[in-house]
Amino acid sequence: MIDQATKIALAAGVILREKLEAGVSIEHKGRIDLVTDADRAAEAFIVQELRKVFPSHGILGEEGARIEGTSDYLWVIDPVDGTTNFAHGFPYFSVSLGLVKGDEVVLGIVHNPMSQECFVAERGSGVFLNGQKLSVSKQTTLEASLLTTGFPYDIATTDETNLKSFELVNKVSQGVRCLGSAALDLCHVASGRLEGFWERSLQPWDIAAGSLIVTEAGGQVTRCNGGSFSPLGHEICATNGQIHQELLHLLAIKG
Ligand code: IPD
Ligand code: CA
Ligand code: CA
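Engineer: What am I meant to see in the overall build of the chain here?
Structural biologist: A tally of helices and strands in the chain yields 7 helices and 15 strands. Against the globule reference of 18 Å for 255 residues, the chain gives a C-alpha radius of gyration of 17 Å, in line with a compact fold. Viewed in the frame of its principal axes, the chain has a C-alpha envelope of about 50 × 40 × 30 Å. Put simply, the chain has 255 residues, and 53% of those count as buried. Counting every atom, the chain has about 11100 Å² of accessible surface; 50% of that belongs to carbon and sulfur. Of the charged side chains in the chain, 20 are positive and 31 negative; the average position of the first set lies 2 Å away from that of the second.

This is the structure we're talking about:
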């Protein structure tokens, strides 16, 4: 399964690069929530290919794919995680494919077609970046940590802006970045380049694959209040494990 799904993610990446070179057409799903023809083309391609090789599996895709399977397996897919970056030509976006069975992610693939970095995790077998095994960083304090987060598309109107947490964590760490692809942010926690990532208003396709990539690298994932992580949920706090409690403590402080 892993090889076939990786091939599909890589081929979807080629579609995205080609579309970017040819010029993309942009539409608005919301004020700052964008979608492009490339998002739709890449999702259609991924669904078509997954159906060929895994006909019994279900599919849940950001751009509308809803296929009920006849087995316990469900692919949770984001054809472009980081659409705003993609639409601006900022080379930080990814194809994210997670395979969920029950309430567990069993396979996770996140591919950055611009840097050509492909992160692949299988439950119980570790995580690999272009074939090289990854593990999380060993930093033990927030003070020595670099993190990322993200903000909701309805930041202008919601009370859950994440700005208070951003301020608090920024003040005690080496910095909090906001890079624009939750799936890739999780991969950077897995690779040890970052110590942590949290975000509250997410969708399953943003986090399913990346959550397994973090845990297979030895990291920890929970909800932002410390509760059990669900791949079909809407939030994640992911760290190297060492700084998890310190980060959760700050995330609990409301603005
Ligand atoms: C978004 C990215 C971003 C996160 C947003 C997501 P999209 O996904 O993961 O980093 O901050 O909450 O919606 O819309 O580019 O697929
Ligand atoms: Ca996404
Ligand atoms: Ca997307």
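Further notes follow.
Engineer: Just checking my understanding: could you explain unusual backbone geometry for this structure?
Structural biologist: Residues apart from glycine generally show negative phi values, whereas peptide bonds are mostly found in trans. Positive phi values are uncommon outside glycine, yet Gln 116 reaches one of about 60°. Judged by relative accessible area, which is 44%, Gln 116 ranks as partly exposed. Non-glycine residue Asn 130 carries a positive phi angle of around 45°. Checked against the element boundaries, Asn 130 lands in the loop between strand S9 (127-129) and strand S10 (132-133).

Engineer: Whenever I open this one, the coordination of the calcium ion (ligand 2) confuses me. Can you help?
Structural biologist: In this structure, Asp 78 (OD), Asp 81 (OD) and Asp 206 (OD) serve as the protein donors to the calcium ion (ligand 2), at separations of 2.0 to 2.2 Å. Sequence positions of the donors to the calcium ion (ligand 2) reduce to the motif D-x2-D-x124-D. In this model, the calcium ion (ligand 2) sits 3.7 Å from the calcium ion (ligand 3), the two metals being bridged by Asp 78. Of this pair, Asp 81 sits in strand S5 (residues 73-81) while Asp 206 is found in helix H6 (residues 204-216), placing the two residues 125 residues apart along the sequence. Of the residues examined, Asp 81 reaches a relative accessible area of 5% and is grouped as buried.

Engineer: Hey, could you run me through the coordination of the calcium ion (ligand 3) in this one?
Structural biologist: Each donor-metal-donor angle in an ideal tetrahedron of four donors is 109.5 degrees, and each such angle in an ideal octahedron of six donors is either 90 or 180 degrees. The coordination sphere of the calcium ion (ligand 3) contains the protein donors Glu 62 (OE), Asp 78 (OD), Asp 78 (OD) and Val 80 (O), at a distance range of 2.2 to 3.1 Å. The sequence pattern formed by the donor residues of the calcium ion (ligand 3) is E-x15-D-x1-V.

Engineer: How do you make sense of the sheet that holds strand S12 (residues 176-177) when you look at a structure like this?
Structural biologist: Think of a sheet as strands paired side by side through backbone hydrogen bonds, with each pair either parallel or antiparallel. Strands sit in the order S12-S11-S13-S15-S14 across an open sheet of 5 strands; the sheet is mixed. Edge positions in the sheet fall to S12 and strand S14 (220-222), since each has one partner strand and no second. When S14 meets strand S15 (residues 236-239), the two strands line up antiparallel, connected through 3 bridges. In the strand pairing of S15, Val 221 is matched with Ala 238.

Engineer: It is not clear to me how the nonpolar core should be interpreted in this structure. Could you clarify?
Structural biologist: Grouped burial of nonpolar side chains is what soluble globular proteins tend to show. With 26 residues, the main nonpolar core has Leu 16, Ile 46, Leu 50, Trp 75, Ile 77 and Leu 97 as its most contacted residues. Within the residue set of this core, elements represented by two or more residues are helix H1 (2-22), helix H2 (37-53), S5, strand S6 (94-101), strand S7 (104-112) and strand S8 (117-122). Within the second largest apolar cluster, 22 residues are counted, among which are Val 76, Val 100, Val 127 and Ala 190.

Engineer: Just checking my understanding: could you explain the packing of aromatic side chains for this structure?
Structural biologist: Any aromatic ring pair is given by two values, namely how distant the centres are and how the planes are angled relative to each other. Evaluated as defined, the whole model comprises 3 aromatic pairs. Both rings, one in Phe 86 and one in Phe 93, keep their centres 4.9 Å apart while their planes meet at 85°; by these two values the pair is edge-to-face. Look at Phe 86 and you get buried, because its relative accessible area is 0%. Ring centres of Phe 151 and Phe 166 lie 5.2 Å apart, and the angle between their planes is 85°; this geometry places the pair in the edge-to-face category. Placement of the pair is Phe 151 in the loop between strand S11 (147-149) and helix H4 (163-172) and Phe 166 in helix H4, with a sequence separation of 15 residues. Residue Phe 151 is classed as partly exposed on the basis of its relative accessible area of 22%. For Phe 166, a relative accessible area of 22% translates into the label partly exposed.

Conventions used here
- The residue numbers shown here count from 1 along each chain, following its written sequence.
- Lettering of chains starts at A and numbering of ligands starts at 1, both following the order in which they are written.
- Under the rules for a predicted model, residues below a pLDDT of 70 receive no local features and side-chain atom pairs below 80 are neither given nor counted, while totals for whole chains, interfaces and linings still include all residues.
- Processing note: side-chain calculations cover all non-hydrogen atoms of the structure and skip hydrogens and water entirely.
- Numbering of helices and strands starts at the N terminus; helices are DSSP runs of H or I of at least 4 residues and strands are runs of E of at least 2.
- Based on C-alpha atoms, the radius of gyration is set beside the globule rule, defined as 2.2 Å times the residue count to the power 0.38.
- Burial here depends on accessible area, computed with a 1.4 Å probe over protein chains only, as a share of the maximum for the residue type. Under 20% is buried, over 50% is exposed, and the range in between is partly exposed.
- Where accessible areas are quoted, they stem from the Shrake-Rupley method and a 1.4 Å probe; at the residue level, only the protein chains shown are allowed to cover.
- A residue counts as positive if it is Lys or Arg and as negative if it is Asp or Glu; His and the chain ends are not included.
- Charge placement uses NZ in Lys and CZ in Arg. For Asp and Glu, CG and CD serve respectively.
- Water is not among the atoms examined, so metal sites may look incomplete; donors are the N, O and S atoms within 2.8 Å of the metal, or within 3.2 Å for Na, K and Ca.
- Pairing between strands requires that DSSP locate at least two bridges from one strand to the other.
- By convention a nonpolar core is built from buried Ala, Val, Leu, Ile, Met, Phe, Trp, Tyr and Cys residues, the set being connected through side-chain atoms within 4.5 Å.
- When two rings of Phe, Tyr or Trp (its six-membered ring) have centres within 6.5 Å they constitute a pair, described as stacked for plane angles under 30 degrees, edge-to-face for angles over 60, and tilted for the intermediate range.

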